[in-house]
Structure formats: C-alpha cells, structure tokens
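Listed below are the residues making up each chain.
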Amino acid sequence: MAMVCLSDFEAYAKKYLPKIAWDFFAAGADDCSTRDENILAYKRIRFRPRMLRDVSMMDIRTKLLGTEISFPVGIAPTGFHQLAWPDGEKSTARAAKAMSTCYIASTYSTCTLEEISAAAPGSLRWFQLYIHRNRAVSQQLIQRAEALGFQGLVLTADLPYTGKRRDDVRNGFRLPPHMKLKNLEGAFEVCKMSPSFHSLLCLDPSVTWNDIYWLRSLTHLPIIIKGILTKEDAELAVRHGVQGIIVSNHGGRQLDGGPATVDALVEVVEAVQGRVEVYLDGGIRKGSDVLKALALGAKCVFIGRPALWGLAYKGEEGLQEVLRILQDEFRLSMALAG
C-alpha cells in the first residue's frame, strides 16, 4: 500500500498495533474535544496566496536556538516508543538524525538517555523533563542529559496530575512486563503500589514558576517550557528566563475544553514580541498545517502522534517517511502560497 499522506500511517497503526497501545497513543482527555479541535482548527484557517513570486528556489531550513535544522518540523516528546516499535526511541533518534531535525526525548522513554545518544551521535536532541516529588531524581536526569550532549531542557508544565483518558482507564493501561521506564529504574519504589500506571503519581503537583530558577541553577542548557496557552503565562515564561515556549495542550490529553494550540499561538506570539522563540505542537497532519503555524508566528512545529504512526509502520524508516512527506508537502504549500 502506497503511503501518500499522514492519515495513511494513522490507518496502518490503528489496524496493526495492539488495541491497548493504539488506545494509549490516540487517547484524549474526557470527551476528546480539545484533541479533535487541535486538528479542526487548522481547517478553519485560510491562506491569502500570492502569485508570480518566482518560487523556483526555496530554502526551508530554520534554526532552533541557533542550531540549524533541515525544515521546521521536529519530533515532540511522547512516551513509550517501544509500544510502537521494538527499538523504540533509538529508532526515533536515528530517523531525526537522518532528516536533520530535532528530537525531544521524553522522561518516559523506554530506552535510556545513553542508548538514545549512542543511536544518533552528533544529532540535535533536547530532553523533556517532568519534575518528580523526589527532586534528586530530576536533578540526576538533567545532569545525565547535559553530560550526554542533549542541547536543550524542555520542562512540561501542564501535567501536575494526569488527565482522565477514558480508554486507558477502561483498558487498565500498564506497560507490558518486558518494557521499562529505563531512565527511572529503581527511582520509584515508593510508587510501585500506584493504581495508575507507572510513576505518574510521583510527579510533583507543587511545581511553580520559581522552580525555573531552581532548574537554571542546575544546568547551563537553555530551558524551553512546554504547555503554555495564554499571553499571561507567556509573559511569565519570558520573565523567568526561559529561551523558548512550546504552545501545547499535551495533544488534548490533559484539560479538555482548552483552546486548540494553533488558536492559542497568536496571543502567545503577540505577548512574547520576539523575546524568545515560540514553537507549537498538536494537530499537525499536513505540510500546509506547518505553513499555517509558521505564518501565525511559530518558529517550528513538533509532531507527536504522527511520529508514533511512522514508527508503527516501519520503525526508523517509517518515521523518516512521515517526516519526508511533511517536508515535501510543506515545500509545495510554500510555493503555492507564494
């Protein structure tokens, strides 16, 4: 079957992944209205295309905090890649390197940071952090990531508690026994009895803006904050010294009823006024979606679920194909919009 667009990969993943894995990746919170709105919002945005602009030569490269990537699409942090493909995050890292783009590795990876680094040496990688109640665990993770050459620290701000994802509750979702949260092994004996999955009950719900100062005291890495949806929080992020903002609602998996990320993007970009870089994730399914986000002020977008669909299709090769399709569609949309 020819894989022509991202929904082809989605259909493949839905057909061939075990139901419990598909449901986990697809899940949104409550009625999934925010998850679905992330996609629908792009359909309401219209281009004003310009003609006769000489689009024979186009440069689609961009820079993330000074480091060049081949086009403005990176891989968002998502957990448990081994649910999609046996090599898990190692395949993700290799695909990102092959396509010269940025991969944000999750705290909840099923491969260690060391394995991810070794799989794609010299590539652009950021590390996504959840702050745990046991702060020493978070501190060690940050220091490991920095020592391994990760180039940015992405703090997820929208998960003091896990959103209610109904299918995961119904399925009693847990990782299969042979899969481990490799970066957290041995760190969470206290949470072993947790009725929800893994160490999510060990996340620290008391985190505040002041903890950004704590993070800055631990690392020289630039801090990017993920999960911002309002101008007020964008302003606070700048004031507390972050270098980047990812406009994100966690793929609609946290608070149902919040804005679509591309709708929230406009007020965040306006508030920030170029003082920090602004990125976006959520709902990107076509190259034209990437162009819409960039036209509204994003420097780069990140894909979550589509990356997992690519892995489910054919591992590293499948994910490269997803990225290549987005790259080709983005280039074509740029040309047709003038």
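Residues numbered from 1 in each chain as written. Predicted model: local features only at pLDDT ≥ 70, side-chain atom pairs only at ≥ 80, totals over all residues. Heavy atoms only, no water.

Asks: Mind showing me how you'd approach the overall build of the protein chain here?
Replies: Summing up its helical and strand segments, the protein chain has twelve helices and ten strands in all. Relative to the 2.2 N^0.38 estimate, which gives 20 Å for 338 residues, the radius of gyration of the protein chain is 19 Å and therefore close to what a compact globule would have. Every one of the 338 residues in the protein chain was classed for burial, and the buried ones make up 57%. Looking at the protein chain alone, contacts between residues at least 24 apart form 73% of all its contacts between residues at least 6 apart. Looking at charge distribution, the protein chain has the averaged site of its 41 positive side-chain charges lying 1 Å from that of its 37 negative ones. (Helix = DSSP H or I, 4+ residues; strand = E, 2+ residues; numbered from the N terminus. Rg over C-alpha atoms; globule rule 2.2 N^0.38 Å. Buried < 20%, exposed > 50% of the residue type's maximum accessible area, 1.4 Å probe, protein only. Contact = heavy atoms within 4.5 Å. Lys, Arg positive; Asp, Glu negative; His and termini not counted. Charge placed at Lys NZ, Arg CZ, Asp CG, Glu CD.)

Asks: Would you mind showing me how to read the packing of helix 6 (residues 135-147) against helix 8 (residues 210-218) here?
Replies: Two packed helices can be described by the angle between their axes and the distance between those axes. In contact at an axis separation of 10 Å, helix 6 and helix 8 are set at 45 degrees when each is read in the N-to-C sense. Accordingly, the angle class assigned to the pair helix 6 and helix 8 is oblique. Crossing hand, helix 6 versus helix 8: right-handed. On helix 8, the residues touching R135, S138, Q139, I142, Q143 and E146 of helix 6 are D211, W214, L215 and L218. The residue inventory of the contact of helix 6 with helix 8, partitioned by class, reads four nonpolar, three polar and three charged. (Axes fitted to C-alpha atoms, helices over the stretch in contact; angles between N-to-C directions. Parallel < 35°, antiparallel > 145°, perpendicular 65-115°, else oblique. Left-handed = near helix turned anticlockwise from the far one by under 90°. Nonpolar A, V, L, I, M, F, W, Y, C, P; charged D, E, K, R; others polar.)

Asks: Teacher, can you tell me more about the pattern of salt bridges here?
Replies: If charged atoms from side chains of opposite charge come close, those side chains can pair. Under the criterion given, the structure shown has 19 salt bridges. The partner of E114 in a salt bridge is R144, and the shortest N-O contact between them spans 2.8 Å. A residue pair is termed long-range when its members are at least 10 positions apart, and E114 in helix 5 (residues 113-119) and R144 in helix 6 qualify at 30 residues. Judged by its relative accessible area of 34%, E114 falls in the partly exposed class. The partly exposed category is assigned to R144, whose relative accessible area is 26%. Through salt bridges with shared partners, one network takes in E37, R44 and D263. (Salt bridge = Lys/Arg side-chain N within 4 Å of Asp/Glu carboxyl O.)

Asks: Would you explain unusual backbone geometry in this entry?
Replies: Negative phi values dominate among residues other than glycine, just as trans dominates among peptide bonds. Phi is positive for F80, close to 60 degrees, though the residue is something other than glycine. Note that F80 resides in the loop between strand 3 (73-75) and helix 4 (89-98). A positive phi angle, near 50 degrees, is found at Q273, a position not held by glycine. As for its placement among the helices and strands, Q273 is situated in the loop between helix 10 (261-272) and strand 9 (277-281).

Asks: What exactly am I supposed to notice about helix 4 here?
Replies: Each turn of an α-helix holds 3.6 residues, which means side chains three or four residues apart point in the same direction. Three or more residues of helix 4 are buried, namely E89, S91, T92, A93, A95 and A96. Looking one or two places after helix 4, you find S100, whose phi comes out positive at around 50 degrees.

Asks: Please clarify how the pairing of strand 5 (residues 125-129) should be interpreted in this entry.
Replies: For a regular strand, the rule is simple: side chains alternate between the two faces of the sheet. Taken across its five residues, strand 5 has five buried, putting it largely inside the fold. Side-chain alternation along strand 5 places R125, F127 and L129 on one buried face and W126 and Q128 on a second face that is also buried. In this view, the connection linking strand 4 (residues 103-105) to its parallel neighbour strand 5 by way of helix 5 has right-handed handedness. Relative to strand 6 (residues 152-156), strand 5 runs parallel, the two being bridged by four bridges. (Right-handed = clockwise from strand over helix to strand, strands pointing away. Pairing = 2+ DSSP bridges.)

Asks: Help me understand the UniProt feature "binding site: glyoxylate" (unreviewed entry) in the protein chain, please; the structure alone is not making it clear to me.
Replies: Annotation from UniProt places "binding site: glyoxylate" (unreviewed entry) at R165, H250 and R253. Spatially, the listed residues are clustered: although they cover 89 residues, their C-alpha atoms lie within 12.2 Å of one another. Among residues more than four places away in sequence, those in contact with R165 are A27, G28, A29, L159, H250, R253 and Q254. Sequence-distant contacts of R253, defined by excluding residues within four places in its chain, comprise F24, F25, A26, A27, G28, A29, G163, R165 and R305. At 2.8 Å, the side chain of R253 and the backbone oxygen of F24 are in polar contact. (UniProt positions renumbered as here; feature names shortened; annotations may be inferred. Polar contact = N/O pair within 3.5 Å; in protein donor to acceptor, adjacent residues only side chain to side chain.)

Asks: Would you mind showing me how to read the packing of aromatic side chains here?
Replies: Aromatic rings considered in pairs are described by the distance between their centres and by the relative angle of their planes. According to the stated counting rule, one finds 13 aromatic pairs in the structure shown. Here F9 and Y313 contribute two aromatic rings whose centre-to-centre distance is 5.3 Å and whose plane-to-plane angle is 90 degrees, an arrangement assigned as edge-to-face. Of this pair, F9 sits in helix 1 (residues 6-16) while Y313 is found in helix 12 (residues 305-337), placing the two residues 304 residues apart along the sequence. Exposure remark for F9: the relative accessible area of 0% places this residue in the buried category. Summarising the aromatic geometry, the rings of Y108 and Y130 are spaced 5.1 Å apart at their centres and angled 35 degrees between planes, so their arrangement reads as tilted. Here Y130 lies in the loop between strand 5 and helix 6 and Y108 lies in the loop between strand 4 and helix 5, a separation of 22 residues in the sequence. Of the two residues, Y108 and Y130, neither departs from the other in class, the shared state being buried. Lying across the ring of F150, R125 places its NZ or CZ 4.7 Å from the centre. (Phe/Tyr/Trp six-rings, centres within 6.5 Å; stacked < 30°, edge-to-face > 60°. Lys NZ or Arg CZ within 6 Å of the ring centre and 35° of its normal.)

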